[in-house]
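Residue strings, one per chain:
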Amino acid sequence: MQLNDIDKGSRRIRLFVECGLREGKLVEVGADSANYLFSVMRLARGSVVHLFNGRDGEWSAEISDLGKRRAVLACIENLRDQSYPPDLWLAFAPLRKTRTDFVVEKAAELGVDRIVPVLCAHSNARRISRKRLRQRAVEAVEQCGGLHVPSVQDLATLEDFLVGELGDRKLVFCDESMSGSDAGFPSDCEAERCCILVGPEGGFSDYERRILREFPGSIPVSLGPRILRAETATVVAIALWQRFYGDW
């Protein structure tokens, strides 16, 4: 597991765990995390790391037992209360493996609540590993100091996503046919319960663009004067939304 020592001087290492956290709680971590602490960071019993689970804030924890395949840590002190990002989803068409990883990592760093891979007509990739993408999101949040790891959903077709996932959530889709228009989100786009949709490298098909424009409450937006790579468009779209609504 690629975790991060955020502050080399103080050896601040952050680990995401699934279990509850409270003072005195003993937390056992698996082989990947144990090996990282033992073999990579060369820590020992008595070393202190930070733990978070997306529910109970961030805690300092002392290593009480450590080997290559198992580690036990004891929670000491609550360092930060839990906080959550805005209710923003990202839906995107999967790209080639490393580019999909990039999209998930940056979305997690920027603070989205849910990530939804969506299959489009021009999608480069037709399959994903949800488990692997979830781990990429965890690693990104560990590294950037966040407290919330976004959920990663199963791959869905565009039609199934529109019918089954969104509900009454506002859909903002990045329409590459509008390239050259001013970038940004219109003033009537509600801040709460929003989903940004970014299409594949080949863009949305004419049929997809039509059903997106006809979808109730959908808003097409431009990302500015240039045609962007799909992974770049994802970062730009999230940053524009956050800037517009004061989360940046």
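Scroll up to find the structure.
Overview of the structure. (Residues numbered from 1 in each chain as written. Predicted model: local features only at pLDDT ≥ 70, side-chain atom pairs only at ≥ 80, totals over all residues. Heavy atoms only, no water.)

1. Focus on the packing of aromatic side chains
Here is step 1: This model, assessed by the stated rule, comprises 2 aromatic pairs.
Here is step 2: Taking 6.1 Å as the distance between ring centres and 80° as the angle between the ring planes, the aromatic pair formed by Phe173 and Phe204 counts as edge-to-face. On the criterion of sequence distance, the pair formed by Phe173 in strand β11 (residues 170–174) and Phe204 in the loop between β12 (194–198) and α5 (206–214) is long-range, its members being 31 residues apart. No difference in accessibility class separates Phe173 from Phe204, as the two residues are buried.
Here is step 3: Positioned above the aromatic ring of Phe52 is the side chain of Arg14, whose terminal nitrogen or guanidinium carbon lies 4.3 Å from the ring centre.
Here is step 4: The positively charged end of Arg169 is found above the aromatic ring belonging to Trp89, 3.8 Å away from the centroid. (Phe/Tyr/Trp six-rings, centres within 6.5 Å; stacked < 30°, edge-to-face > 60°. Helix = DSSP H or I, 4+ residues; strand = E, 2+ residues; numbered from the N terminus. Buried < 20%, exposed > 50% of the residue type's maximum accessible area, 1.4 Å probe, protein only. Lys NZ or Arg CZ within 6 Å of the ring centre and 35° of its normal.)

2. Some details on the nonpolar core
Here is step 1: Core analysis: the biggest nonpolar cluster contains 34 residues, and Leu90, Ile196 and Ile238 have the highest contact counts within it.
Here is step 2: Elements with a contribution of two residues or more to this core: β7 (88–92), α2 (97–110), α3 (130–144), β11, β12, β13 (218–221) and α6 (230–245).
Here is step 3: Other than its neighbours up to four places away in sequence, Leu90 contacts Val103, Ala107, Val112, Arg114, Ile115, Val116, Ile196, Val198, Thr234 and Ile238.
Here is step 4: Residues Val27, Tyr36, Leu37 and Ala61 belong to the second largest nonpolar core, which totals 20 residues. (Core = buried A, V, L, I, M, F, W, Y, C linked by side-chain atoms within 4.5 Å. Contact = heavy atoms within 4.5 Å.)

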